[in-house]
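What follows is each chain in one-letter form.
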Amino acid sequence: MRYWLMKSEPGVVGIDHVLAMPNQTVDWWGVRNYQARNFMRDQMSVGDKVFFYHSNCPEPGIAGLAEVAKRAYPDRTQFDPASHYFDPKSTPENPRWVNVDVRIVRKTRLVSLAELRKQSRLEHMRVLQRGNRLSITPVDPGEWKYICEKLMGEGA
DNA sequence: GCCAACGTTGGC
DNA sequence: GCCAACGTTGGC
């Protein structure tokens, strides 16, 4: 079992949107970066733990706990000509982009990016590294535990 | 809105 | 295969 941080823009799909969906589950469509895609395709399994992160918004940070609910399968938006994420080079026989399903476990208090940066324990956390733009990053088990227990006051 | 950082594209 | 130009991300 692995740990991840997945970024979503709350103006597009925020944690409250997902909580309002059936089974509090969303397909993680729209990833168009090969490294992030490969994490989903090659490394994510059902039950992996996920920090649901709000990005590109007034208060960026971790907004809740989630988990992988379904293994990677083709991203529906790549086949939709009306979608911003349409990829003409992609076919159902040979799809280029995939996504997993993510289910919200629980909303937490917002642990802001600024607060994360203040923690010396987290100085090596992938998402905090200079220039990082990956929308999906692995999280070390120790970092996961620290954030859940020390910052959220929850059992991991 | 700015801009640093990084990824992708395409000419050669 | 190099690399300049361009596009995107995302914090601030």
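Residues numbered from 1 in each chain as written. Chains lettered and ligands numbered in written order. Predicted model: local features only at pLDDT ≥ 70, side-chain atom pairs only at ≥ 80, totals over all residues. Heavy atoms only, no water.

### A few points about the packing of aromatic side chains
What characterises a pair of aromatic rings is the spacing of the ring centres plus the angle enclosed by the ring planes.
Turning to step 1, where the next piece is worked out: A full pass over the atoms with the stated rule returns six aromatic pairs.
Turning to step 2, where the next piece is worked out: With a centroid separation of 5.5 Å and 80° between ring planes, the pair formed by W28 and F52 is classed as edge-to-face. You can see W28 sitting in the loop between β2 (25-27) and α3 (34-43) and its partner F52 sitting in strand β3 (residues 49-54), a full 24 residues away along the chain.
Turning to step 3, where the next piece is worked out: On the numbers, 5.7 Å between centres and 70° between planes, the contact of W29 with Y85 is edge-to-face. (Phe/Tyr/Trp six-rings, centres within 6.5 Å; stacked < 30°, edge-to-face > 60°. Helix = DSSP H or I, 4+ residues; strand = E, 2+ residues; numbered from the N terminus.)

### Description of the protein's contact with DNA strand B
Turning to step 1, where the next piece is worked out: DNA strand B sits among Y34, R130, G131 and R133.
Turning to step 2, where the next piece is worked out: Counting only the atoms of DNA strand B that lie within 4 Å of the protein, the sugar and phosphate share comes to 79%.
Turning to step 3, where the next piece is worked out: Contact distances for DNA strand B include 2.7 Å between a base oxygen and a side-chain N or O atom of R133.
Turning to step 4, where the next piece is worked out: Among the residues forming the surface near DNA strand B, the class breakdown is one nonpolar, one polar and two charged. (Near = heavy atom within 4 Å. Polar contact = N/O pair within 3.5 Å; in protein donor to acceptor, adjacent residues only side chain to side chain. Nonpolar A, V, L, I, M, F, W, Y, C, P; charged D, E, K, R; others polar.)

### Observations regarding the side chain of D27
Turning to step 1, where the next piece is worked out: Along the chain, D27 turns up in strand β2.
Turning to step 2, where the next piece is worked out: At a separation of 2.7 Å, a polar atom in the side chain of D27 contacts the side chain of R76.
Turning to step 3, where the next piece is worked out: Ignoring anything within four residues of it in the chain, the contact list for D27 reads Y73, R76, N99, V100 and D101. (Contact = heavy atoms within 4.5 Å.)

### As for the pairing of β3
On a regular strand, each side chain points to the face opposite its neighbour's, so the side chains alternate between the two faces of the sheet.
Turning to step 1, where the next piece is worked out: Counting buried positions along β3 yields five of six residues, so the element is predominantly enclosed.
Turning to step 2, where the next piece is worked out: The pairing of β3 with strand β4 (residues 61-74) spans six bridges and is classified as antiparallel. In the sheet register, K49 faces β4, and the bridge partner there is E67. (Buried < 20%, exposed > 50% of the residue type's maximum accessible area, 1.4 Å probe, protein only. Pairing = 2+ DSSP bridges.)

### Digging into the protein's contact with DNA strand C
Turning to step 1, where the next piece is worked out: The full set of residues close to DNA strand C is K7, Y53, S55, N56, P60, L113, R117, R133 and L134.
Turning to step 2, where the next piece is worked out: Of all atoms in DNA strand C that approach within 4 Å of the protein, 72% are sugar or phosphate atoms.
Turning to step 3, where the next piece is worked out: At 3.0 Å, a side-chain N or O of K7 approaches a phosphate oxygen of DNA strand C.
Turning to step 4, where the next piece is worked out: Take N56: an N or O atom from its main chain is 2.9 Å from a phosphate oxygen of DNA strand C.

### Overview of the environment of R37
Turning to step 1, where the next piece is worked out: Within the secondary structure, R37 is located in helix α3.
Turning to step 2, where the next piece is worked out: Linking R37 and N99, residues 62 residues apart in sequence, is a C-alpha distance of 7.3 Å.
Turning to step 3, where the next piece is worked out: For R37, the residues in contact, after removing those within four places along its chain, are V31, R96, W97 and V98.
Turning to step 4, where the next piece is worked out: Within the structure, the side chain of R37 is placed 2.9 Å from the side chain of N38, a separation counted as a polar contact.

So yeah, pure geometry; function would need other evidence.
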